[in-house]
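# Architecture at a glance
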Amino acid sequence: MPGVEVTPIWRLSRLAIRMAVFGALALVAGIVAARPEPVLVAAPCLVALVVALRRPRPETVRVEAALSEPRSFEDEDVEVHVVVRAEEVLGEIGLDLALPPTFEVEGERACREFEVRSMSHTWTVRARRWGRWRAGPLRLRVRSRGWAYVGTATLSLAELTVFPPPSAAREVAVPPTLLARVGSHVARRAGPGVEFAGIRTYAPGDPVRRVNWPVSTRRGELFVNEYAAERAADVVAVVDTTVDLGPFGRSSLDLAVRGAATVVQAYLRYADRVGVVTLGGALRWLTPDVGTRQYYRIVETLLASRVDESYLEPELAHFPPQALPPRALAFVFTPLVDPRAAEAVRDLRERGHPVIVVDVLSTEPEPSPREPDSELALRVWRLEREVLLHGLVEMGVTVLAWDEEVGIALDRVRLEPLLGGAR
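Residues numbered from 1 in each chain as written. Predicted model: local features only at pLDDT ≥ 70, side-chain atom pairs only at ≥ 80, totals over all residues. Heavy atoms only, no water.

## Some thoughts on the sheet that holds strand 18 (residues 355–359)
The strands that make up a sheet are held in pairs by hydrogen bonds between backbone atoms, and each pair lies either parallel or antiparallel. In space, the 6 strands of this open sheet follow the order 16-15-14-17-18-19, with mixed pairing throughout. With one partner strand each, in any of the chains shown, strand 16 (284–289) and strand 19 (398–401) form the two edges of the open sheet. Between one strand axis and the next, the sheet turns through 15 degrees on average, direction left out of account. In this structure, strand 18 lies alongside strand 19, joined through 4 bridges in parallel fashion. If you follow isoleucine 356 over to strand 19, its bridge partner there is threonine 398. Packing of helix 4 (residues 252–268) onto the sheet brings it into contact with strand 14 (234–240), strand 15 (273–279), strand 16 and strand 17 (329–334), and relative to strand 14 it is tilted by some 170 degrees. (Pairing = 2+ DSSP bridges. Helix = DSSP H or I, 4+ residues; strand = E, 2+ residues; numbered from the N terminus. Axes fitted to C-alpha atoms, helices over the stretch in contact; angles between N-to-C directions. Contact = heavy atoms within 4.5 Å.)

Below, the structure is given as structure tokens:
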């Protein structure tokens, strides 16, 4: 944030109060006892107190605080730089940076300097979880010279947007249906490209450089090489935000957002059009598009889903056509706990979309030792879940389990079941 004038709340310090109480008691004791010794002890304390109280103290203090980056990724270092300036020399300037539990800081959070007019300090912080966080509040503590007065103030720092970690995927699954637009994926039809697809007889208009002379010489007529067309794809990441289950940092919503960020970044690297849809709460969707800017727009949309407390039925039939282009490859990140999420997957399949469901449930219900049938209930829950997953596979849906080490391995996704099952 830019420099602001902060008005501290001044009050007597504990040292001044103690000196006043000690001096007053010693003075009263000397008068009551009619002896000069207590008065001689009280006099220096009271004189020092009067001198300290007459010391000037500034009405305002200028504070400049800034973040090195307004956006960062998880586990990425961000510097918080604070500068404090006063018109008068202060006996002490102290700073204390409060952080959310998701942050780590290198070194001490509190610092102070004595008998200075200005002070600067830089903290290096690191966010462990995606989201929108404030690295603060910043607590300011100043003392006047002589330490008779102490002033305090609290400031709010700028918001830090923390993105999920970048993707490490280098290969992705090629969707069964590609766009009629030049891209990086090898299509099943012939066209301009570099990958060899076959040989056919020469037709008027074929480039001469494509003539296969060895085959043409053997057969006595012209044959040309065919190449596979290179096309782009439409990919939509669907994130289930109806529930958030699991431990802090590894909950279903955490894994879903990280997985969606992986898919988005991996396919944008291949110049594909990528969009996002959030199921649960207020309907949020982003039209598929290309470019690095699209990645940040999608992540901003996902970050907004964390603080959404509204409730809305995830009905795909009411989605705008731009949110889910025809035959777009859909990655659905869901714990499959809410039955409406499974219905949403079925609706996607009925609309002809190839669907890949990523199960992001990282925990199971804990059996209660007080309930004798809790173990049996857990077994029934597991069987019902297996039936649900088997039903999705029978519809032609590819179901993947979240891998704790690699997350979602896009290069291992196989879409063969989708080719025959797409309607």
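## Examining the nonpolar core
Residues Val82, Leu95, Trp123, Val125 and Leu140 are the most contacted members of the largest nonpolar core, which totals 39 residues. Elements supplying a minimum of two residues to this core: helix 2 (36–53), strand 3 (61–67), strand 5 (77–97), strand 6 (103–105), strand 7 (110–127), strand 9 (138–143), strand 10 (149–155) and strand 11 (159–163). Ranked by residues supplied to this core, first place goes to strand 5 with 9 residues. Not counting chain neighbours up to four residues away, the residues in contact with leucine 140 comprise Val61, Val63, Val84, Ile93, Gly94, Leu95, Gly151, Thr152, Ala153 and Leu155. (Core = buried A, V, L, I, M, F, W, Y, C linked by side-chain atoms within 4.5 Å. Buried < 20%, exposed > 50% of the residue type's maximum accessible area, 1.4 Å probe, protein only.)

## Thoughts on the packing of helix 1 (residues 14–33) against helix 2
Helix 2 packs onto helix 1 with a crossing angle of 150 degrees between their chain directions and a minimal axis gap of 8 Å. When the axes of helix 1 and helix 2 are compared, the pair comes out roughly antiparallel. Between helix 1 and helix 2 the crossing geometry is left-handed. Here Ala16, Met19, Ala20, Phe22, Gly23, Ala24, Ala26, Leu27, Ala29 and Gly30 of helix 1 come into contact with helix 2, specifically with Pro38, Val39, Val41, Ala42, Cys45, Leu46, Ala48 and Leu49. (Parallel < 35°, antiparallel > 145°, perpendicular 65-115°, else oblique. Left-handed = near helix turned anticlockwise from the far one by under 90°.)

## As for the packing of aromatic side chains
Inspection of every chain in the model, using the stated rule, returns 5 aromatic pairs. An angle of 50 degrees between the planes, with centres 5.2 Å apart, marks the rings of phenylalanine 163 and tyrosine 296 as tilted. Of the two residues, phenylalanine 163 sits in strand 11 while tyrosine 296 sits in helix 5 (residues 292–304), which places them 133 residues apart along the sequence. Classification of phenylalanine 163 by relative accessible area gives buried; the value is 1%. Arranged with centres 5.3 Å apart and planes meeting at 75 degrees, the rings of tyrosine 295 and tyrosine 296 form a pair that is edge-to-face. With a relative accessible area of 32%, tyrosine 296 lands in the partly exposed category. Grouping aromatic residues by their ring pairs yields a cluster made of Phe73, Phe163, Tyr295 and Tyr296. (Phe/Tyr/Trp six-rings, centres within 6.5 Å; stacked < 30°, edge-to-face > 60°.)

## A word on unusual backbone geometry
Peptide bonds are trans in most cases, and residues, glycine excluded, mostly fall at negative phi. Positive phi, close to 55 degrees, is recorded for alanine 34, a residue that is not glycine. Within the secondary structure, alanine 34 sits in the loop between helix 1 and helix 2. You can call alanine 34 exposed: its relative accessible area is 68%. A positive phi is found at tryptophan 147, a non-glycine position, where the angle reads about 60 degrees. Within the secondary structure layout, tryptophan 147 lies in the loop between strand 9 and strand 10.

Remember, this is a structural readout, not a statement about activity or role.
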